[in-house]
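This is what each chain is made of:
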Amino acid sequence: IYLFCFFTSLSIFSYGYALNKVLFKFKIKNIFEFILIGVIFLSFLALFLNFFVSLNIYLNTFIFFTSFIFLYIFKNSINFIDVIKKISIISLIGFITFLLDHSNRPDAGLYHLPYISMINEDKIILGSVNLHFRFGHISSLQYLYSLFNNLILSDNGILIPLTIIFSAISMYFYEEFKLQKKNILKLFSIFSLIFILTTMNRYSGFGNDDPAHMFYLVSTYNMLKFFIKKKDQSQLFFNKLVLYSVSTFLIKQFYVLILIFPLLIFVANFKKINLFSKSNSFSVIFILLWLTKNVLVSSCLLYPINFTCLNSLEWSPLNKTMSDPKKVSLSSEAWAKAWPDRIDKSKNFIQHLSDYEWIKGWMDSHIKIVIKKLSPILIFSFLLIIYCFYSYKKTKKIKTKKILVLILFANLFFSLLWFFKFPTYRYGAAYLGSSIIIISLLFLDKLDIKENIKKIFSTILILICLVVGLKNLNRIYNNFDTRYVDYPWPKKNSFLHNNNKNDNLQKLEKGEIIYYIASPYTLCMYSKAPCTHFRNLNLTRKIYSLNYKAYIFKN
């Protein structure tokens, strides 16, 4: 499994390196950034291909082996010793993080894994949101994962990229901490790394949310670079900001607000910035493909935002069905606002949301989760600021104050929108964490922090890595003798002790299988597709030209 992690990482690196060499032409010193670019490109590639074909094991095997051909083509410009060393490190981190764990509960079973199995078996299916409303807001990462179900890795290969993203972004920030000379960039890198390690260190907790939080931090970091680095590098960091911001949004649609960052920078610097660079064109095409996919899957550009929906389409969810955008939006917001903890149990969704009584229920339940998750970075920031104020003198000039204040106000604004719309921690973790980091930097930027601060950060980082590493090793030790199907891979077949796979019930129409219903276990997980756990759907399947399938509610 470690070797599988290694070759998966190498494959992703290869595509990232090749794309950058041929198209983007970014000047990159941080090897781990090639893996981030590889993640973005392979997500794009998988999405594009799925418009025409299924992401089947034969196609995926071809794509996997092609990556090593790229390594051979560019062998003269790659420092293989350095690449192998660093990929070995992230493979080890990823291996320890996900071994003998299970997939994200319950979302992986509800829609992450079922969607992956669906696109592994068929090209894009119109109206698939009618099978499960959550298919309307899946992540671009589901497309990435699907590519690694191949003849070498088998279907367990879909589990690897998520842990590689975690380890690659962690090492990306560590490398930036070492490479950067500007204190503010060093500080942001180390604060981001500590935030990731203390709040996002469980494979079973990653889901689609944590990768979005990580990419949000990478985007914010490149926004800082845009203002701090030399003017002749402005185009470079604007291009990177666009690329990472778009990727953050495509991983989790709630982070659409991040697109404000490159938009504001462009408006303020439109004379200096070439909007039509190759990387920006790539980002625009990626978004257009994604929005087209959304319309095909759900009839909405951004499901379940009702005003973006085209109700005239045949596969559009009908009013009062479980996939109706209005109904999904209403119920999602109510649950985020502590619906189960409401004081007046007689209130329906609309009544619950009609006033601010929900805040009392939220304060009794959700606030505890927010405080628990943010407490490590809050404590670390507070202690470090106190230490530095007593140890270092104040500087006369604060060159980065304006940009830090700008980013802080943006994050505070985003946090307010999060609180009044979807105040579940996993929706707003990046906004909240970034706000804490920027506030800390505003305090520390006033100080003349000397070189020996590196020793303090290194010591803290070693301690955090030891705690996180021991936590994961302890999980592996405790589960080592627990045998199950696909042992010792993370569980993807079911959340049961034995990880048995669903057989699924066939839903027939005129003697033909049109979809499957999860059975004997409650959730579909990774099983025969297309699958839903809803048992009484009034659906029919229609075949359009070029064999495009569509699920339509019967009148």
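Details of the structure are given in the entry above.
Every value quoted in this text rests on a predicted model; they were computed, and no experiment measured them.

Cut-offs used in this document
Residues numbered from 1 in each chain as written. Predicted model: local features only at pLDDT ≥ 70, side-chain atom pairs only at ≥ 80, totals over all residues. Heavy atoms only, no water. Salt bridge = Lys/Arg side-chain N within 4 Å of Asp/Glu carboxyl O. Helix = DSSP H or I, 4+ residues; strand = E, 2+ residues; numbered from the N terminus. Buried < 20%, exposed > 50% of the residue type's maximum accessible area, 1.4 Å probe, protein only. Pairing = 2+ DSSP bridges. Polar contact = N/O pair within 3.5 Å; in protein donor to acceptor, adjacent residues only side chain to side chain. 1 Å grid on protein atoms, 1.4 Å probe; cavity = no way out; pocket = protein on both sides within 12 Å on 5 of 7 lines; lining within 4 Å. Points joined across faces, edges and corners; volume = space filled by probe spheres on them. Patch = residues over 30% accessible without salt bridge, like charges linked within 9 Å, V, L, I, M, F, W, Y side chains within 5 Å. Areas by Shrake-Rupley, 256 points an atom, 1.4 Å probe, with all protein chains shown as cover. Axes fitted to C-alpha atoms, helices over the stretch in contact; angles between N-to-C directions. Parallel < 35°, antiparallel > 145°, perpendicular 65-115°, else oblique. Left-handed = near helix turned anticlockwise from the far one by under 90°. Contact = heavy atoms within 4.5 Å. Nonpolar A, V, L, I, M, F, W, Y, C, P; charged D, E, K, R; others polar. Disulfide = S-S within 2.5 Å. Phe/Tyr/Trp six-rings, centres within 6.5 Å; stacked < 30°, edge-to-face > 60°. Lys NZ or Arg CZ within 6 Å of the ring centre and 35° of its normal. Core = buried A, V, L, I, M, F, W, Y, C linked by side-chain atoms within 4.5 Å.

A.B. asks: What should I look at first to understand the pattern of salt bridges in this one?
C.D. replies: Opposite charge on two side chains permits pairing when their charged atoms draw close. Counted according to the given criterion, the structure contains 21 salt bridges. Of the charged contacts, one joins Lys549 and Asp122 as a salt bridge, the two residues approaching to 2.7 Å between their closest N and O atoms. Residue Lys549 is found in strand β5 (residues 549–553), and its partner Asp122 is found in the loop between α5 (107–121) and α6 (140–146); the two are separated by 427 residues along the sequence. Overall, the relative accessible area of 14% leaves Asp122 in the buried class. Asp155 is the partner of Lys501 in a salt bridge, and the nearest nitrogen-oxygen pair spans 3.4 Å. Of this pair, Lys501 sits in the loop between α19 (453–479) and β1 (505–509) while Asp155 sits in the loop between α6 and α7 (160–179), and the two are 346 residues apart along the sequence. Residues joined in a network through salt bridges with shared partners are Asp107, Arg134, Asp209, Lys252 and Arg426.

A.B. asks: Sorry, what's going on with the sheet that holds strand β2 (residues 512–517) here?
C.D. replies: Backbone-to-backbone hydrogen bonds join strands into a sheet, with any given pair of strands oriented parallel or antiparallel. Read from one edge of the open sheet, three strands run β1-β2-β3, paired in mixed fashion. Strands with a single pairing partner mark the edges of an open sheet, and in this sheet they are β1 and β3 (531–532). In this sheet, β3 lies alongside β2 in parallel orientation, the contact comprising two bridges. Its bridge partner being in β3, Tyr516 is matched across the sheet by Cys531.

A.B. asks: Please clarify how the environment of Asn348 should be interpreted in this entry.
C.D. replies: Along the chain, the position of Asn348 falls in the loop between α14 (325–336) and α15 (349–353). On the accessibility criterion, Asn348 (38% relative accessible area) is partly exposed. In this structure the side chain of Asn348 is engaged in a polar contact, spanning 3.2 Å, whose partner is the backbone nitrogen of Ile350.

A.B. asks: Where do I start with empty space enclosed by the protein in this structure?
C.D. replies: Over the atoms, a rolled probe matching the size of one water molecule traces out where space is still vacant. Applying the stated criterion to the full structure yields four cavities of 30 Å³ or more. Estimates place the volume of the largest cavity at around 150 Å³. Lining the largest cavity are 14 residues, and of these Ala108, His112, Tyr145, Leu162 and Tyr203 lie nearest its centre. Broken down by secondary-structure element, the contributors of at least two residues to the lining of the largest cavity are α5 and α6.

A.B. asks: What am I meant to see in a nonpolar patch on the surface here?
C.D. replies: A contiguous nonpolar patch, built from Ile379, Phe382, Leu383, Ile386, Phe389, Tyr390, Ile439 and Phe443 and spanning about 850 Å² of accessible area, is present on the exposed surface. Mapped onto the nonpolar patch, the elements with two or more residues apiece are α16 (358–391) and α18 (425–444). It is α16 that provides the largest number of residues to the nonpolar patch, a total of six residues. Examined against the element boundaries, Leu383 turns out to sit in helix α16. With relative accessibility at 52%, the residue Leu383 sits in the exposed group.

A.B. asks: Help me understand the packing of helix α10 (residues 209–228) against α18, please; the structure alone is not making it clear to me.
C.D. replies: Helices that pack against each other are described as a pair by the angle of their axes relative to one another and the distance between those axes. As a packed pair, α10 and α18 sit with axes 8 Å apart at the nearest point and diverge in direction by 30°. Classified by the angle their axes make, α10 and α18 are roughly parallel. As for the relative orientation of α10 and α18, their crossing is right-handed in sense. Taking contact as the criterion, the partners of Asp209, His213, Tyr216 and Leu217 in α10 are, on α18, Arg426, Ala429, Ala430, Tyr431, Ser434 and Ile437. Looking at the contact of α10 with α18 residue by residue, the class counts come to six nonpolar, two polar and two charged.

A.B. asks: What is the right way to look at the side chain of Ser435 in this model?
C.D. replies: Its location among the elements puts Ser435 in helix α18. You can call Ser435 buried: its relative accessible area is 5%. Looking at Ser435, its side chain comes within polar contact range of the main-chain oxygen of Tyr431, at 2.8 Å. Residues contacting Ser435, with those up to four places away along its chain left out, are Leu408, Asn411, Leu412 and Ser415.

A.B. asks: I keep staring at the state of the cysteines and nothing clicks. Help me out?
C.D. replies: Linking two cysteines covalently through their sulfur atoms gives a disulfide. For the structure on display, the rule yields two disulfides. The disulfide partner of Cys300 is Cys309, and the gap between their sulfur atoms is 1.9 Å. Its torsion about the S-S bond being 95°, the disulfide of Cys300 and Cys309 is classed as right-handed. Like Cys309, Cys300 is buried.

A.B. asks: Looking at this structure, I do not really get unusual backbone geometry. What am I missing?
C.D. replies: Across residues other than glycine, the phi torsion is negative in most instances, and most of the peptide bonds are trans. With an omega of 0°, the peptide bond running from Ser519 to Pro520 counts as cis. Note that Pro520 resides in the loop between β2 and β3. Cis geometry marks the peptide bond from Ala529 to Pro530, where omega comes out at -5°. Position of Pro530 relative to the elements: it lies in the loop between β2 and β3. The phi angle at Asn504 is positive, at roughly 70°, despite the residue not being glycine. Among the secondary structure elements, Asn504 is positioned in the loop between α19 and β1. One non-glycine residue, Lys510, lies in positive phi territory at about 55°. Considering the arrangement of structural elements, one finds Lys510 in the loop between β1 and β2. For Lys510, a relative accessible area of 87% puts it in the exposed group.

A.B. asks: In this structure, what is going on with the packing of aromatic side chains? I would like to understand it.
C.D. replies: Counted under the stated rule, the structure contains 60 aromatic pairs. Among the aromatic residues, ring-to-ring pairing joins Tyr216, Phe254, Tyr255, Phe261, Phe413, Phe414, Phe422, Tyr427 and Tyr431 into one connected group. Between Arg342 and the ring centre of Trp339, over which it is positioned, the NZ or CZ distance is 3.5 Å. The residue whose ring lies beneath Lys491 is Tyr484, and the NZ or CZ to ring-centre distance is 4.9 Å.

A.B. asks: Any chance you could explain the layout of surface pockets here in plain terms?
C.D. replies: Empty space within the second largest pocket amounts to approximately 570 Å³. As for the second largest pocket, its lining consists of 20 residues, of which Lys29, Gln180, Lys229, Gln233 and Phe237 are closest to the centre. Within the residue set of the lining of the second largest pocket, elements represented by two or more residues are α7, α10 and α11 (234–251). If one sorts the elements of the lining of the second largest pocket by residue count, α11 sits on top with three residues.

A.B. asks: Explain the nonpolar core to me, please; I cannot follow it from the model alone.
C.D. replies: What tends to happen in soluble globular proteins is that the nonpolar side chains get buried as a cluster. If you look at the biggest cluster of nonpolar residues, it comprises 186 residues, and the most contacted ones within it are Phe13, Leu42, Tyr143, Phe173 and Phe191. Take this core: its biggest share by element is 15 residues, from helix α2 (residues 31–50). Not counting residues within four places of it along the chain, the set of residues in contact with Phe191 comprises Ile377, Phe380, Ser381, Leu384, Ile437, Ser440, Leu441 and Leu444.

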